[in-house]
Amino acid sequence: MRMKARATMVALVPALLLASVGCSSTNTPATGKAPDPKGSAGSASAAPGAPAPSAPATGAAAPKTGGSRLERSALAQGDLPGYQISAQGKNPNAPDGQPQADKKACQPLADIMGDKPDPSARETLSRGIGSQKQMGLAVSASVSSYSESDAKALIARLKAAVAACGTGFSAKVEKQTGAYREVRAADYRTGGDESVSWTMTAAAEGVSAQVHLVVVREGDTVVRLMALDVAGARQQAQVPKEVADKQLAKIQQARQSG
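Residues numbered from 1 in each chain as written. Predicted model: local features only at pLDDT ≥ 70, side-chain atom pairs only at ≥ 80, totals over all residues. Heavy atoms only, no water.

Let's talk about the sheet that holds strand β2 (residues 100-101)
Taking strand neighbours across the sheet as the criterion, the nine strands line up as β1-β3-β4-β9-β8-β7-β6-β5-β2 in an open arrangement whose pairing is antiparallel. Both edges of this open sheet fall to β1 (83-86) and β2, since each of them pairs with a single strand only. With eight bridges connecting them, strand β3 (residues 123-131) and strand β4 (residues 137-145) associate as antiparallel partners. Note on β4: the bridge partner recorded for Ser126 is Ser142. On top of the sheet, helix α4 (residues 148-164) reaches β6 (176-185), β7 (194-204), β8 (207-218) and β9 (221-229); it is set at about 50° to β7, its chief contact. (Pairing = 2+ DSSP bridges. Helix = DSSP H or I, 4+ residues; strand = E, 2+ residues; numbered from the N terminus. Contact = heavy atoms within 4.5 Å. Axes fitted to C-alpha atoms, helices over the stretch in contact; angles between N-to-C directions.)

Next comes the structure, spelled out in structure tokens:
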């Protein structure tokens, strides 16, 4: 049953399944063994929805730098002291595509949990971030390129969806269904041209996890940040301010450099 619950939680928070919270040994949850690399239960105490462990810090997949403006905008290892940043692929159990909500008004919130913030994104690059400061904190950071009008429309849709979906909704991707409850707007101050932030509880098969999301528009670029505490899935996680600030700074630097 726990393995089935874990698989469903993978569908609930797929973008968080990019890299390990256990990027260093200091991040292994104190309640038991780290989840195994294949995304199976590993041990009874492994947290549901936990990212697949990556190699130790010395062998972790390092994000590439250079290239396009979007590639230069993405976070890279060394950008954030105290964090391990990885560009390796998703957990093998994570489904592909965009989740489909059971309520039309809530589809923007379902989309944001998928491979890209919404279908109008031209390109999306994602990073998995494990904190070496706060045990169990997993963060996903993605940057997406848009037309500026589409980026503005996305923020507007998300704000409307957060206001309309407080009672919750369910979403399905690749035959896996999960529920999102207690959707609440969150006060989160950051830079950028405009932003929206909210919290919600992802639940499946009797297992739940608190998720915090921040979406920021900077010109024609959209930043999507999600945080989950896999050491204590019922605890409220928050996207670290330093992660959001650094991500926005990189976007601005990439724009200035052309």
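Side note on the pairing of β3
Burial within β3 is extensive, with seven of its nine residues counted as buried. Bridge count between β1 and β3: four bridges; the pairing is antiparallel. From the neighbouring strand, Ile85 faces β3, where its bridge partner is Ile129. (Buried < 20%, exposed > 50% of the residue type's maximum accessible area, 1.4 Å probe, protein only.)

Notes on the side chain of Lys250
Within the secondary structure, Lys250 sits in helix α5 (residues 241-256). You can call Lys250 buried: its relative accessible area is 10%.

Quick look at unusual backbone geometry
Leave glycine aside and you will find that most residues have negative phi; peptide bonds, for their part, are mostly trans. One non-glycine residue, Glu182, lies in positive phi territory at about 50°. As for its position among the elements, Glu182 is in strand β6.

Thoughts on α5
Compared with an ideal rise of 1.5 Å per residue, which puts 16 residues at 22 Å, α5 spans 23 Å between its outermost C-alpha atoms and is within 8% of the ideal. For α5, the full list of buried residues reads Val243, Ala244, Gln247, Leu248, Lys250, Ile251 and Ala254. Viewed end-on, α5 has its buried residues packed into an arc of 150°, placing them on one side of the element. Buried residues belonging to α5 abut α2 (69-73), β1, β3, β4, β8 and β9. Positive backbone phi, approximately 85°, marks Gly258, located one or two places after α5. (Expected span 1.5 Å × (residues − 1). Arc of directions from axis to C-beta.)

Focus: the pattern of salt bridges
All told, the structure shown has 11 salt bridges when counted by the stated rule. Note that Asp79 and Lys250 form a salt bridge whose closest N and O atoms lie 2.9 Å from each other. In this pair, Asp79 is assigned in the loop between α2 and β1 and Lys250 in helix α5, connecting sequence segments 171 residues apart. Between Glu242 and Lys133 there is a salt bridge, with its nearest N and O atoms 3.2 Å apart. (Salt bridge = Lys/Arg side-chain N within 4 Å of Asp/Glu carboxyl O.)

Let's talk about the confidence of the model for the chain
Mean pLDDT for the chain: 76, with 69% of residues reaching 70 or above. Within the chain, the lowest mean pLDDT, 49, falls on helix α1 (residues 2-12), and the highest, 98, falls on α4. Contacts for the low-pLDDT stretch residues 5-11, under 50 throughout, to residues beyond four places or in other chains number 33 contacts. Considering only residues more than four positions removed or in separate chains, one finds that residues 15-61, a stretch of pLDDT under 50, has 125 contacts. (pLDDT = per-residue confidence, 0-100.)

Here we look at the nonpolar core
With 32 residues, the main nonpolar core has Leu109, Leu158, Phe169, Trp198, Leu213 and Val215 as its most contacted residues. The set of elements that each furnish at least two residues to this core consists of α3 (107-111), α4, β5 (169-173), β6, β7, β8 and β9. Of the residues forming this core, the biggest block, six residues, is contributed by α4. Each residue touching Phe169, except ones within four places of it in the same chain, is listed here: Ala101, Asp102, Lys103, Cys106, Leu109, Ala110, Gly178, Ala179, Tyr180 and Val183. In terms of nonpolar packing, the next biggest core, distinct from the first, is built from 24 residues, Leu137, Val216, Ala227 and Val239 among them. (Core = buried A, V, L, I, M, F, W, Y, C linked by side-chain atoms within 4.5 Å.)

Section: the packing of aromatic side chains
By the definition in use, this model includes one aromatic pair. Relative to Tyr180, the ring of Phe169 has its centre 4.8 Å away and its plane inclined at 25°; by these criteria the two rings are stacked. Here Tyr180 lies in strand β6 and Phe169 lies in strand β5, a separation of 11 residues in the sequence. Overall, Phe169 belongs to the buried group, its relative accessible area being 4%. (Phe/Tyr/Trp six-rings, centres within 6.5 Å; stacked < 30°, edge-to-face > 60°.)

Let's talk about the side chain of Gln107
Checked against the element boundaries, Gln107 lands in helix α3. By relative accessible area, Gln107 is classed as buried at 17%. For Gln107, the contacting residues outside a window of four places in its chain are Pro99, Gln100 and Ala101.

A closer look at α4
Owing to its 3.6 residues per turn, the α-helix brings residues three or four apart onto one side. Here α4 is 17 residues long and its end C-alpha atoms lie 25 Å apart, about the 24 Å a rise of 1.5 Å per residue gives. Regarding α4, the residues found buried are Ala151, Leu154, Ile155, Leu158, Ala161 and Val162. Buried residues along α4 cover an arc of 130° about the axis, so they all sit on one side. When the buried face of α4 is taken as reference, the exposed residues oriented beyond 90 degrees from it are Ser149 and Ala163. Tucked inside the fold, the buried residues of α4 contact α3, β6, β7, β8 and β9.

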